[in-house]
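# Breakdown of the fold
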Amino acid sequence: MGFKTDFLWGGATAANQYEGGYLSGGKGLSTLDAITGGSHESPRMITYKTKEGKIERVTREQALPEGAVGYIDEDTYYPSHVATDFYHHYKEDIALFAEMGFKCFRMSISWARICPKGTMEINEEGLDFYDRVFDELIAHNIEPVVTINHFDIPMYLADEHDGWSDRQTIDNFIFFCETIFKRYKDKVKYWMTFNEINFLRSWTQIGIHNNDTQTKYQAAHHLFVASAKAVLLGKKINPDFQIGMMVAYIPSYPLSCRPEDVLAALQFNREQEFYIDVQVKGYYPAHKVKQFEREGVVIKKEAGDDELIAKGTVDYIGFSYYMSTVSTANPDKVKYVGGNQMPAVKNPYLEESEWGWGVDPTGLRIALSSLYDRYNVPLFIVENGFGAVDTIEADGSIQDDYRIDYFQKHVAAMHDAVTLDGVDLIGYTTWGCIDLVSAGTGEMKKRYGFIYVDMDDKGNGTLKRTKKKSFDWYKQVIASNGEELAN
Ligand code: P53
């Protein structure tokens, strides 16, 4: 026996990287509408206006001055504005997903499309857009899987409330959740609250200006309370809802068997597992409480927060898996390589993508096993994939055998985790099943899709869709429920 008969095969996307239509149909601005493209060498930049009216830029890792507001510069190209235009191509795209045999499709709802300022005002046209998308999916027997919030926040909330550092953002978010839960309760069953909650990227993602540790962890606490409230509310609205959390899982290996290296790897892994602990076990783990004490981080909690977090635990763990990493107690002694989230120690046993991500299918089996052993709840791989430059051949075809190779190995590792380790895996959605904007670099040329979209890094292109070689390969994988992986 291999994968379950109702295994959720599909693909994954996010509104700000795929949808476009950034001002269409009454949508408000999102923080990500003010972030430029970038590349492997040059970071994406946030454009903002200072209190004094000066236009300036910082990277996502840097703080914005107090009182700064997001700004959109007329001469600058912002990839989210058109992205790959799902907004106008959803029918065509969904038909292609159906042709591949998708059982599910992961997408996110743009908060600023439903609540333009993030406050309690609703934009009916935004709700109507997602109604049409869900209806189209359902007509093709594709189960929608919805990320409630993927990497952004309405710009107004970031600028006027300092995003998630303000406790009131919880209420605004819950209003948004209530609106979409009620509206789509008979169309959507699978939800997850915050995409990659362990990557708390300052202003763009959580709307905070000052990104010191204290502010970040206070914001994280508000995210936890919001997630717990969303779970409890969702279950009231429809007890059949399956509501998960979502984490970027990058398992880390010790560089050597030196106990100090092993401890360094444990500490690396624990930092991401902290977010799972809170949302799955329902409490802050002891090591985090100790770290807060040591570092003078004081989390302001309201009465009842701990109970809420304990009660509002999630149904499943959704996670992204792209790569593994290596930890050492002597970071100065080693070479650092790519990965656009964190500097990583090179693993000599692995090959890397052009963007320095270490390709490690066995790491996926390790991830699945450690997560299942530790939490014992269903797992859902909601992102996995290979970002690469694709070339169009003279005959118009795209021979992406490197992508097929990556997926073959990862699906085989999943198969082992299910059949040999007994992991309860409910689904697999490959990242960027159709080409979209890279979150890390803002590029188009870092492509993940089975479907090519004619669009470049500067925003030129016809947006025409073309099937790559991997399109038929994935179709065969789904048709055989993950048994036939041959190219
Ligand atoms: P891009 C870095 C490391 C692991 C996951 O990433 C990451 C990132 C993003 O910088 O994010 C997820 O586009 C994320 C998606 C993103 C995808 O991985 O940088 O949930 O939004 O596009 C791939 O190649």
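As a reminder, the structure under discussion sits directly above these lines.
As a starting point, this report considers the structure included with it. (Residues numbered from 1 in each chain as written. Predicted model: local features only at pLDDT ≥ 70, side-chain atom pairs only at ≥ 80, totals over all residues. Heavy atoms only, no water.)

Before going further, it helps to examine the overall build of the chain. Scanning the chain for helices and strands turns up 14 helices and 19 strands. A globule of 487 residues ought to have a C-alpha radius of gyration of about 23 Å, and the chain, at 21 Å, matches this closely. When its C-alpha atoms are laid out on the principal axes, the chain stretches across 55 × 55 × 45 Å. Going through the 487 residues of the chain one by one, you find that 60% of them count as buried. Taking as baseline every contact in the chain between residues at least 6 positions apart, the subset at least 24 positions apart corresponds to 74%. (Helix = DSSP H or I, 4+ residues; strand = E, 2+ residues; numbered from the N terminus. Rg over C-alpha atoms; globule rule 2.2 N^0.38 Å. Buried < 20%, exposed > 50% of the residue type's maximum accessible area, 1.4 Å probe, protein only. Contact = heavy atoms within 4.5 Å.)

This next bit is on empty space enclosed by the protein. Throughout the structure, instances matching the rule amount to nine cavities of 30 Å³ or more. By volume, the largest cavity is sized at about 270 Å³. Along the walls of the largest cavity sit 23 residues, with Glu196, Tyr322, Trp357, Glu383 and Ala439 positioned nearest its centre. Its residues assigned to classes, the lining of the largest cavity comprises twelve nonpolar, seven polar and four charged. (1 Å grid on protein atoms, 1.4 Å probe; cavity = no way out; pocket = protein on both sides within 12 Å on 5 of 7 lines; lining within 4 Å. Points joined across faces, edges and corners; volume = space filled by probe spheres on them. Nonpolar A, V, L, I, M, F, W, Y, C, P; charged D, E, K, R; others polar.)

Bringing the packing of helix α2 (residues 86-100) against helix α4 (residues 124-139) into the picture now. In the contact formed by α2 and α4, the axes pass within 10 Å of each other and the chain directions differ by 10 degrees. Overall, the two elements α2 and α4 adopt an arrangement that is roughly parallel. In this structure, α2 contributes Phe86, Tyr87, Tyr90, Lys91 and Ile94 to the contact, and α4 contributes Phe129, Arg132, Val133, Glu136 and Leu137. (Axes fitted to C-alpha atoms, helices over the stretch in contact; angles between N-to-C directions. Parallel < 35°, antiparallel > 145°, perpendicular 65-115°, else oblique.)

It is worth spelling out the sheet that holds strand β16 (residues 379-383) at this point. Each strand in a sheet pairs with another by means of backbone hydrogen bonds, the pair being arranged parallel or else antiparallel. Strand order in the closed barrel made by the eight strands is β1-β5-β6-β7-β8-β10-β16-β17, with parallel pairing throughout. Neighbouring strand axes in the sheet, compared pairwise and without regard to direction, differ in orientation by 25 degrees on average. Examined bridge by bridge, strand β5 (residues 104-108) and strand β6 (residues 143-149) share five bridges and lie parallel to one another. Directly across from Phe105, in β6, lies its bridge partner Pro144. Along the sheet, helix α14 (residues 469-479) contacts β1 (8-12) and β17 (425-431); its crossing angle with β1, the most-contacted strand, is approximately 150 degrees. (Pairing = 2+ DSSP bridges.)

The next thing to look at is the packing of aromatic side chains. With the rule as written, the count across this model stands at 47 aromatic pairs. With a centroid separation of 5.5 Å and 65 degrees between ring planes, the pair formed by Trp164 and Phe173 is classed as edge-to-face. Here the two residues Trp164 and Phe173 agree in accessibility, since each one is buried. Arranged with centres 5.5 Å apart and planes meeting at 40 degrees, the rings of Phe407 and Phe450 form a pair that is tilted. Taken together, the positions of Phe407 in helix α13 (residues 401-419) and Phe450 in the loop between β17 and β18 (451-453) put the pair 43 residues apart, joining distant regions of the chain. Phe450 matches Phe407 in its accessibility class, with the two residues each being buried. The aromatic ring of Phe129 is capped on one face by Arg113, whose charged end is 5.5 Å from the ring centroid. (Phe/Tyr/Trp six-rings, centres within 6.5 Å; stacked < 30°, edge-to-face > 60°. Lys NZ or Arg CZ within 6 Å of the ring centre and 35° of its normal.)

With that settled, consider the site of the ligand. If you check the shell around the ligand, you find 19 residues, and the closest are Gln17, Ala439, Gly440, Lys446 and Tyr448. Between an oxygen atom of the ligand and a side-chain N or O atom of Glu196, the distance comes to 2.8 Å. In the model, an oxygen atom of the ligand is placed 2.5 Å from a nitrogen or oxygen of the Tyr448 side chain. If the ligand stood free it would expose 470 Å²; the protein chains cover 100% of that surface. The residue inventory of the shell around the ligand, partitioned by class, reads eight nonpolar, seven polar and four charged. (Near = heavy atom within 4 Å. Polar contact = N/O pair within 3.5 Å; in protein donor to acceptor, adjacent residues only side chain to side chain. Areas by Shrake-Rupley, 256 points an atom, 1.4 Å probe, with all protein chains shown as cover.)

Glancing now at helix α8 (residues 213-237). An ideal rise of 1.5 Å per residue puts 36 Å on 25 residues; α8 measures up with 36 Å between its terminal C-alpha atoms. Along α8, 18 of the 25 residues are buried, which leaves the element largely enclosed by surrounding structure. The opening residue of α8, the one whose side-chain oxygen lies 3.1 Å from the backbone nitrogen of Gln214, is Asp212. (Expected span 1.5 Å × (residues − 1).)

This part covers the nonpolar core. By size, the foremost hydrophobic cluster in this structure holds 137 residues, and its most contacted members are Phe97, Trp164, Phe173, Phe181, Phe319 and Met414. Per-element tally for this core: the top contributor is α8, with eleven residues. Beyond its immediate sequence surroundings of up to four residues, Phe97 is in contact with Tyr18, Phe102, Phe105, Ile142, Cys433, Ile434 and Ile451. Judged by nonpolar contacts, the second largest core, of ten residues, contains Leu8, Met192, Met246 and Phe380. (Core = buried A, V, L, I, M, F, W, Y, C linked by side-chain atoms within 4.5 Å.)

Another aspect to go through is helix α6 (residues 168-184). Spanning 17 residues, α6 covers 25 Å between terminal C-alpha atoms, matching the ideal 24 Å at 1.5 Å per step. The set of residues buried in α6 consists of Thr169, Ile170, Asn172, Phe173, Ile174, Phe176, Cys177, Thr179, Ile180, Phe181 and Tyr184.

Further remarks concern the environment of Ile478. Among the secondary structure elements, Ile478 is positioned in helix α14. Sequence separation between Ile478 and Ala286 is 192 residues; the distance between their C-alpha atoms is 42 Å. Ignoring any residue separated from it by four or fewer positions in sequence, one finds Ile478 in contact with Trp9, Met100, Gly101, Phe102 and Lys103.

This next bit is on the sheet that holds strand β2 (residues 45-49). Strand order in the open sheet formed by three strands is β3-β2-β4, with antiparallel pairing between adjacent strands. Looking along the sheet, the strands with just one partner apiece sit at the ends: β3 (55-59) and β4 (69-70).

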